[in-house]
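Here are the chains, one letter per residue:
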Amino acid sequence: MLLELLVALIVIVALVIMFAHVPVDLKVLVESGEFNQFLKKMFDLIIGIGLLKMLCRHDLDSIVEVLLFSVAREMIIEHMPIYFELVGIIAIAILFLVRKYLFVAALDKADGDET
């Protein structure tokens, strides 16, 4: 538990440092037109926040959420061949199916209460 809190604090500090660069990144975006770099940094912030949530809450829903954002980031930012995009779409579909049909929130909360 103490190690998880330490990791969560390190992630918080890293997120604050990354968020401090957002205004500078916006200025660079306007000057150079590199929207892809801006999106990459924003997705990194979103995934970092999701990771922090996953470390604090210990539930399956936050794990699936982090995985969804990670796969979506790779699909949007990296310009991959179409068959890799298809694999990403299938991965997201599987994650949504797991979230809808295999994940029961009441069971996850009951498991979390016992620990």
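Residues numbered from 1 in each chain as written. Predicted model: local features only at pLDDT ≥ 70, side-chain atom pairs only at ≥ 80, totals over all residues. Heavy atoms only, no water.

Chemist: Tell me about a nonpolar patch on the surface, and please be specific about residues and values.
Modeler: Together, Leu3, Leu6, Val7 and Ile10 give the surface a local cluster of nonpolar side chains, amounting to about 390 Å² of exposed area. The topology assignment puts Leu3 in helix α1 (residues 2-20). Among the residues examined, Leu3 registers a relative accessible area of 63% and is labelled exposed. (Patch = residues over 30% accessible without salt bridge, like charges linked within 9 Å, V, L, I, M, F, W, Y side chains within 5 Å. Areas by Shrake-Rupley, 256 points an atom, 1.4 Å probe, with all protein chains shown as cover. Salt bridge = Lys/Arg side-chain N within 4 Å of Asp/Glu carboxyl O. Helix = DSSP H or I, 4+ residues; strand = E, 2+ residues; numbered from the N terminus. Buried < 20%, exposed > 50% of the residue type's maximum accessible area, 1.4 Å probe, protein only.)

Chemist: Give me the lowdown on the confidence of the model for the chain, citing residues and values where you can.
Modeler: Looking at the chain as a whole, its pLDDT mean stands at 79, while 88% of the residues score no less than 70. For the chain, helix α6 (residues 105-114) is the element with the lowest average pLDDT, namely 54, and helix α5 (residues 82-102) is the one with the highest, namely 88. (pLDDT = per-residue confidence, 0-100.)

Chemist: Just give me the short version of the pattern of salt bridges, but keep the residues and values in it.
Modeler: Inspection of the entire model under this criterion finds three salt bridges. Here Glu65 and Lys53 are joined by a salt bridge, their closest N and O atoms 2.8 Å apart. Placement of Glu65 in helix α4 (residues 60-77) and of Lys53 in helix α3 (residues 35-57) is noted, with a sequence separation of twelve residues between them. A salt bridge links Arg73 to Glu74; the shortest N-O distance between them is 2.9 Å. Residues joined by salt bridges that share partners form a network here, namely Asp44, Arg73 and Glu74.

Chemist: So what's going on with α3? Which residues, and what values?
Modeler: For α3, built from 23 residues, the straight-helix expectation of 33 Å at 1.5 Å per residue is met to within 8% by its first-to-last C-alpha distance of 33 Å. Turning to α3, its buried residues are Phe38, Phe43, Leu45, Ile47, Gly48, Gly50, Leu52 and Leu55. Once α3 ends, the next one or two residues include His58, with phi positive near 55°. (Expected span 1.5 Å × (residues − 1).)

Chemist: Tell me about the nonpolar core, and name the residues and values.
Modeler: One finds Ala8, Val11, Leu15, Val22, Leu45, Leu52 and Leu55 forming the largest nonpolar core, which totals seven residues. Secondary structure elements with two or more residues in this core: α1 and α3. Those residues in contact with Ala8, other than ones at most four positions away along the chain, are Leu52, Leu55 and Cys56. Membership of the second largest hydrophobic core comes to six residues, among which are Val64, Leu68, Ala72 and Met75. (Core = buried A, V, L, I, M, F, W, Y, C linked by side-chain atoms within 4.5 Å. Contact = heavy atoms within 4.5 Å.)

Chemist: I'd like to hear about the packing of α4 against α5, residue by residue, with values.
Modeler: Two numbers describe how α4 lies on α5: the axes approach to 10 Å, and their chain directions differ by 165°. Taken as axis vectors, α4 and α5 run roughly antiparallel relative to one another. In terms of crossing hand, the pair formed by α4 and α5 is left-handed. Only Glu85, Gly88, Ile89, Ala91, Ile92, Leu95, Phe96 and Arg99 of α5 make contact with α4, whose side of the interface consists of Asp61, Val64, Leu67, Leu68, Val71, Ala72 and Met75. In terms of residue class, the contact of α4 with α5 is built from eleven nonpolar, one polar and three charged. (Axes fitted to C-alpha atoms, helices over the stretch in contact; angles between N-to-C directions. Parallel < 35°, antiparallel > 145°, perpendicular 65-115°, else oblique. Left-handed = near helix turned anticlockwise from the far one by under 90°. Nonpolar A, V, L, I, M, F, W, Y, C, P; charged D, E, K, R; others polar.)

Chemist: So what's going on with α5? Residues and values would help.
Modeler: The end-to-end C-alpha separation of α5 is 29 Å, in line with the 30 Å expected for 21 residues at 1.5 Å each. Residues of α5 that are buried make contact with α4.

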